[in-house]
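Chain by chain, the residues:
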Amino acid sequence: HKTYPVPAIESEYSLWTREPENEMFDVVDELGIGFIAFSPLGRGFLTSTLKQLADLPPDDLRRSYPRFTEENFNKNRALLAPLEEIARELDVSAAQVSLAWVLHQREFIVPIPGTKRQRYLDQNAAAAEISISPEILARLNRAMPVGIAAGPRHGDVEMHRMNR
């Protein structure tokens, strides 16, 4: 950073992938670096639209991730109850609550949710207008603390590719 200022870093960050809070945020904040949060919807899991693993097509890449194995999927699905409850209370979608939570964490965070459909793009953009009270934030933080997700983000094969 001293040699050439780093304008931004990109890392996975969401309600179920919160490790950047421990590893990066203080340094990013101190150095004035932006943080681009990819997969802020947990690869679609935090939208709460996947009710069972069978909802994913057989060739869906997510089936290769440890959090989407049968055993871990069911454990992770159970984590969504508080998120779904809060979404009902606010009369918004679970995806919107998840994105609003990311936007309420630090000012330097910019989430980049992916979508294939216009209606989800519109919902994602509307999440920026959702105001979440400190009480709701606290409930979400208690429900999904760092490390709560069952299974690592990536399997050994994916990590091997990244470390090449």
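Coordinates for the structure precede this section.
Bear in mind that the values here come from a model prediction, so they are computed numbers and not experimental data.

**Q** Can you tell me about empty space enclosed by the protein, naming the residues and giving the values?
**A** As enumerated under the stated definition, the model contains one cavity of 30 Å³ or more in all. Here the largest cavity is characterised by a volume of approximately 50 Å³. For the largest cavity, the full set of lining residues is Glu 12, Trp 16, Gly 42, Arg 43, Tyr 65, Arg 67, Phe 68 and Arg 153.

**Q** So what about helix α3 (residues 70-78)? Which residues, and what values?
**A** Since there are 3.6 residues in each turn of an α-helix, residues three or four apart along the chain are aligned in direction. By the burial criterion, the buried members of α3 are Asn 72, Phe 73, Asn 76 and Arg 77. The buried residues of α3 all sit within an arc of 135° when viewed along its axis, so they share a single face. Counted as exposed and oriented over 90 degrees from the buried face of α3: Glu 71 and Ala 78. Where the residues of α3 are buried, they touch α4 (81-90).

**Q** Lay out the sheet that holds strand β3 (residues 109-112) in plain terms, naming residues and giving numbers.
**A** The three strands are arranged β1-β2-β3 in an open sheet whose pairing can be described as parallel. The open sheet terminates on both sides in strands that have one partner only, identified here as β1 (8-12) and β3. Pairs of neighbouring strands in the sheet enclose a mean axial angle of 25°, with direction left out of account. Relative to β3, strand β2 (residues 34-38) runs parallel, the two sharing four bridges. Within β3, the residue paired with Ala 37 across the bridge is Pro 111.

Criteria and thresholds
- Residues numbered from 1 in each chain as written.
- Predicted model: local features only at pLDDT ≥ 70, side-chain atom pairs only at ≥ 80, totals over all residues.
- Heavy atoms only, no water.
- 1 Å grid on protein atoms, 1.4 Å probe; cavity = no way out; pocket = protein on both sides within 12 Å on 5 of 7 lines; lining within 4 Å.
- Points joined across faces, edges and corners; volume = space filled by probe spheres on them.
- Buried < 20%, exposed > 50% of the residue type's maximum accessible area, 1.4 Å probe, protein only.
- Helix = DSSP H or I, 4+ residues; strand = E, 2+ residues; numbered from the N terminus.
- Arc of directions from axis to C-beta.
- Contact = heavy atoms within 4.5 Å.
- Pairing = 2+ DSSP bridges.
- Axes fitted to C-alpha atoms, helices over the stretch in contact; angles between N-to-C directions.

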